[in-house]
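Descriptive analysis of the structure
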Protein chains: 2
Amino acid sequence: MNRIHLAVDAMGGDFAPKVIIEGVINSLRKANLEYQNDLSVTLVGDEAKILSYLEKHSDIRKQIKIHHTDQAIPMDAKPKDAIIKFPKASMIEAAKLVANKEADALISAGNTGALVLSSAQQIPRIKGVHRTALAAVYPTKNELKRRDRFSLILDVGANVFVESEHLVHFALMGAAYAKEIKNIELPTVALLNMGAESNKGGERYTNAYEILSSLPDLNFIGNIEGNDLMRGVADVVVTEGFIGNIAIKTMEGAAETVMGLGKYAFKKNFIWKMGLIFLSSGIKGLKRITDYQEYGGAPILGLERLVLKCHGKSTSLAIENALTLTIKAVRDDLTGNMQRAISAFENEFTRPEFDKVPGY
Amino acid sequence: MNRIHLAVDAMGGDFAPKVIIEGVINSLRKANLEYQNDLSVTLVGDEAKILSYLEKHSDIRKQIKIHHTDQAIPMDAKPKDAIIKFPKASMIEAAKLVANKEADALISAGNTGALVLSSAQQIPRIKGVHRTALAAVYPTKNELKRRDRFSLILDVGANVFVESEHLVHFALMGAAYAKEIKNIELPTVALLNMGAESNKGGERYTNAYEILSSLPDLNFIGNIEGNDLMRGVADVVVTEGFIGNIAIKTMEGAAETVMGLGKYAFKKNFIWKMGLIFLSSGIKGLKRITDYQEYGGAPILGLERLVLKCHGKSTSLAIENALTLTIKAVRDDLTGNMQRAISAFENEFTRPEFDKVPGY
């Protein structure tokens, strides 16, 4: 296989650069068994700090380059201001390496909004794609007994509202990504809507539904509603940024609240309290099931190269998982597959009868 | 006080007409103590069936009229088709009584979409209001220790997407409703958005934010995000139908899933199982806390008379609560208060600088 080279933002995340560098080292050690050292990583950030964490790892040192910059975007900075104030920030420099084809993909646990903006500014979009999408992975109760209990939802905030055509692109890109990370040939794809019927949600949604239904290579299962999200009836849930953002944050908030309410109710009574003690390891298990941050990160899709956003609180294991996933995606030419899916759609479906679709 | 007369759809709901009539009888008995028999109800539906449930209640019989119709809209019918197929359906006849000022308010546990359409077709809108809104009441963990742990969210599906002006109207109507049902002078009002900052969500949302911030009689606390919904930081959450529908259903689905996951995890282990047995009454308590259907129903706002939608699975107690709430709202002239709030806004704020707001 070809050499794979990743750009990693060493300064992004609450525990950077320590956990980032540990994660990179662990993933390289593990991947070397499979890829025979054809992997390398550029760590972008403060060289002195990075070097201090590399001291004990001479075995892996030759696979790691350092691209020095002393700027980094704070986790809580306002994205638009931050990318102007820190033009040489580690994530921007890393995005430039990818844009210049010095790296195949970008991984960052930094400020999400700033990463979306930096990536969109630096890295060209896939031909035919007008909007990038930020995806998120969330846990489900997996009613249909799929291989894993996670689903992908996109867009969750790279855009506000979009047109029908963009929803279709999100479906194609999401399906390509799910196929890659879930190892399934035809992931199920659904449109998040305010009702299950095909005529729901206004013109943008009925148009998107019509186009999605007509695509032979897409396993489109129709509209799903908010209460279907965590049932896990679809591998890929397509929506627009404003709504996806509300949906994913509402799921987070509701899950936390219900677990919190449970604790509150249980504290009020001695017998319940005993029950809670018996259950404490069960509750930890439950927390693990719902801790979707361990799933390796959320991709920004629509760019010529993959950008993977890890959670700000990522541990070294989360970073390691993110690199493992990214290496596999680069090896399998994920972005090339997306490009081909988008091209096939654009070539086949830009026909007169689709002139009515807003955005065409 | 003036006489109050309510129209009740006797045939709407999964357990109609039995629980509907029981609820009406119980609420009248209770309310008579306070209102000295100045209350009456018209039950709309199949006269023979209704009479069979009234037999034993001669004490209350003179306060109950029956408006016969043999049509009723099935719970699972498609709303648009149903109101054409059943032009004399019980909920439509009940809405006509309200429109003709033969009744002060309408209560139905029937098909939600059909009730929204029937009400909007029959009952005039409040002057200045262009869009009615369907509200929902949901449980929160009440971080701020408000008087109750419930919040109101609107619109949850009467419209798809709306303009800034409509969001402002929803805020004014929601505040008037929350003031009435929560007995608080200045309910807190928030805009559901994809970020907390005032510049989030695109032009429709930034315009709505600007107007809401400028209203002296509204306790507007700014934007909230999906994960704030169940924290209960606002008494009234303003959004548009598509998004409110996704939000409320996602909360339902997530709450169910987390409770379900808990049970699943707990079943796997004997010690956990024992814990679960100890906890069984605690879990029932938890279920009650999250069972927001007991909160009397969800109003359709923006019409000259109040329409209250009860859950399809309403018990007689839920119907009784809905009538009690409606009687209070009629007594306190809730729709008049809404009318005055909307008029005040329209008179003060239709100024040149608001020409930029879409919808103006």
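Residue numbering note: each chain is counted from 1, following its sequence as written. Here the convention is simple: chains get letters from A, ligands get numbers from 1, in the order in which they are written. Local features in this predicted model are restricted to residues whose pLDDT is 70 or higher, and side-chain atom pairs enter the listing and the counts only when it is 80 or higher, whereas totals over whole chains, interfaces and linings include all residues.

Thoughts on the overall build of chain A
A tally of helices and strands in chain A yields 12 helices and 11 strands. Labels follow a simple rule on C-beta atoms placed from the backbone: if 20 or more others lie within 10 Å of a residue's own, it is buried; if 12 or fewer, it is exposed; otherwise it is partly exposed. Across the 360 residues in chain A, those meeting the buried criterion constitute 56%. Think of it this way: build a C-beta for each residue from its backbone, and any pair within 7 Å is a contact. If you take every contact in chain A between residues at least 6 apart in sequence, the share linking residues at least 24 apart comes to 73%. Helical segments are the DSSP runs of H or I of at least four residues, strand segments are the runs of E of at least two, and each set is numbered from the N terminus.

A word on the sheet that holds strand β1 (residues 4–9) of chain B
All names here are of chain B. Strands sit in the order β3-β2-β1-β4-β11-β10-β5-β6-β9-β7-β8 across an open sheet of 11 strands; the sheet is mixed. Both outer strands of the open sheet, β3 (64–68) and β8 (219–224), are each paired with one neighbouring strand and no more. If you compare each strand with its neighbour and ignore which way they point, the axes differ by 25° on average. For two strands to be treated as a pair, DSSP must find no fewer than two bridges joining them. Taken together, the four bridges between strand β4 (residues 105–108) and strand β11 (residues 306–309) define a ladder with parallel strand orientation. Looking at the pairing, I107 lines up with L308 of β11. Each axis is a line fitted through C-alpha atoms, and for a helix only the stretch in contact is used; angles between axes span 0 to 180 degrees, taken between their N-to-C directions. Across the face of the sheet, helix α6 (residues 164–182) comes into contact with β5 (133–139), β6 (150–154), β7 (188–192), β9 (236–238) and β10 (298–301) while running at roughly 165° to β9.

Topic: the domain arrangement of chain A
Bring the parts together and some accessible area is lost; that lost area is often taken as the interface size. Residue and element names in this part refer to chain A. An automatic or database domain assignment supplies the residue ranges for each domain. Parsing chain A into structural domains produces domain 1 (1–129 + 302–330) and domain 2 (133–294). Between domain 1 and domain 2, the residue contacts involve eight residues of the former and nine residues of the latter. Of all the elements, helix α11 (residues 316–331) adds the most residues to the side of domain 1 that touches domain 2, at three residues. The nonpolar class holds Ala, Val, Leu, Ile, Met, Phe, Trp, Tyr, Cys and Pro. Asp, Glu, Lys and Arg form the charged class, and all remaining residues, Gly among them, are polar. Looking at the side of domain 1 that touches domain 2 residue by residue, the classes come out as five nonpolar, two polar and one charged.

Quick word on α6 of chain B
All names here are of chain B. For α6, with 19 residues, the first-to-last C-alpha span of 26 Å sits near the 27 Å given by 1.5 Å per residue. Extensive coverage of α6 is indicated by the burial of 18 of its 19 residues. Of the residues flanking the end of α6, it is N183, one or two places downstream, whose phi is positive at about 55°. Under the convention used throughout, the expected extent of a helix is 1.5 Å for every residue step, that is, one less than its residue count.

Re helix α7 (residues 203–214) of chain B
Taking 1.5 Å as the rise per residue, α7 of chain B with 12 residues should run 16 Å; its terminal C-alpha atoms sit 17 Å apart, in good agreement. All buried positions along α7 of chain B are accounted for by R204, Y205, N207, A208, Y209, I211 and L212 of chain B.

Focus: the packing of helix α5 (residues 90–99) of chain A against helix α6 (residues 112–122) of chain A
Residue and element names in this part refer to chain A. Viewed as axis vectors pointing N to C, α5 and α6 meet at an angle of 30°, and their least axial separation amounts to 9 Å. Accordingly, the angle class assigned to the pair α5 and α6 is roughly parallel. Here α5 runs over α6; the crossing is right-handed. Between α5 and α6, the contacting residues are M91, I92, A95, K96 and A99 on the first element and A114, L115, S118, S119 and Q122 on the second. Split into classes, the residues belonging to the contact of α5 with α6 amount to six nonpolar, three polar and one charged. An angle below 35 degrees is treated as roughly parallel, one above 145 as roughly antiparallel, one from 65 to 115 as roughly perpendicular, and anything else as oblique. Handedness of each helix crossing follows the sense of rotation of the near helix against the far helix: counterclockwise by less than a right angle gives left-handed, clockwise gives right-handed.

Section: the pairing of strand β7 (residues 188–192) of chain A
Residue and element names in this part refer to chain A. Most of β7 is tucked away, with five of its five residues classed as buried. Burial along β7 is two-sided: T188, A190 and L192 facing one way and V189 and L191 facing the other are all buried. Bridge count for β7 against strand β8 (residues 219–224) is five bridges, and the pairing is parallel. Paired with V189 across the two strands is F220, which belongs to β8. Call a crossover right-handed when, viewed with both strands pointing away from you, the route from the first strand across the helix to the second goes clockwise. Note on the crossover from β7 through helix α8 (residues 203–214) to β8: the handedness is right-handed. As defined by bridge partners, β7 adjoins strand β9 (residues 236–238) across three bridges and the pair is classed as parallel. Considered in β9, the bridge of A190 is made with V237.

Some remarks on unusual backbone geometry
Look at the link from L154 of chain A to D155 of chain A: it is a cis peptide, with omega at -5°. As for its position among the elements, D155 of chain A is in the loop between β6 (150–154) and α7 (164–182). Following A16 of chain B, the chain continues to P17 of chain B via a peptide bond in cis, the omega torsion being 0°. The topology assignment puts P17 of chain B in the loop between β1 and α1 (18–35). Of note, K101 of chain A is a non-glycine position whose phi angle comes to about 60°, a positive value. We classify K101 of chain A as exposed; it has 10 C-beta atoms within 10 Å. Its identity is not glycine, yet N183 of chain B carries a phi of approximately 55°, on the positive side. Residue position: N183 of chain B is located in the loop between α6 and β7.

Considerations on the sheet that holds strand β4 (residues 105–108) of chain A
Residue and element names in this part refer to chain A. The 11 strands lie next to each other as β3-β2-β1-β4-β11-β10-β5-β6-β9-β7-β8, forming an open sheet whose pairing is mixed. The outermost strands of the open sheet, each flanked by one partner alone, are β3 (64–68) and β8. Direction aside, the axes of adjacent strands within the sheet are offset by 25° on average. Where strand β2 (residues 39–45) and β3 come together, five bridges link them in parallel fashion. Counterpart to V41 in the pairing with β3 is I64.

Quick notes on the environment of I73 of chain B
Tracing the sequence through the fold places I73 of chain B in the loop between β3 and α3 (79–85). Sequence separation between I73 of chain B and A120 of chain B is 47 residues; the distance between their C-alpha atoms is 16 Å.

A word on the environment of F161 of chain B
Looking at where F161 of chain B falls in the secondary structure, it is placed in the loop between β6 and α6. As a C-alpha pair, F161 of chain B and E240 of chain B span 79 residues in sequence and 5.6 Å in three-dimensional space. Among residues more than four places away in sequence, those in contact with F161 of chain B are G202 of chain A together with E240 and F242 of chain B.

Focus on the environment of L43 of chain A
All names here are of chain A. Mapping L43 onto the fold places it in strand β2. Classification of L43 as buried rests on a count of 28 C-beta atoms within 10 Å. Taking the C-alpha atoms as reference points, L43 and D332, 289 residues apart in sequence, are found 23 Å from one another. Contacts of L43, omitting those with residues within four sequence positions, involve V8, A10, I21, V24, I50, I64 and I66.

Describing the confidence of the model for chain A
Residue and element names in this part refer to chain A. Looking at chain A as a whole, the pLDDT averages 87, with 85% of positions reaching at least 70. Counting contacts from residues 288–292, a segment whose pLDDT is below 50, to residues more than four positions away or on other chains yields eight contacts. Known as pLDDT, the predictor's confidence for each residue is given on a scale from 0 to 100. With pLDDT under 50 throughout, residues 351–360 is counted as low confidence; its partners more than four residues away or in other chains account for 16 contacts. Overall fold confidence for the complex sits at a pTM of 0.87, while the interface term, ipTM, reaches 0.85.

A word on the packing of α1 of chain B against helix α10 (residues 316–331) of chain B
A packed helix pair is summarised by two numbers, namely the angle formed by the two axes and the spacing between the axes. Residue and element names in this part refer to chain B. Put simply, α1 and α10 touch, their axes get as near as 7 Å, and they point 45° apart. Between α1 and α10, the interaxial angle falls into the category oblique. Once α1 is placed against α10, the crossing between them reads as right-handed. The residues of α10 that touch α1, namely those facing V19, I20, E22, G23, V24, N26, S27 and A31, are S316, I319, E320, L323, T324 and I327. Taken together, the residues of the contact of α1 with α10 sort by class into seven nonpolar, five polar and two charged.

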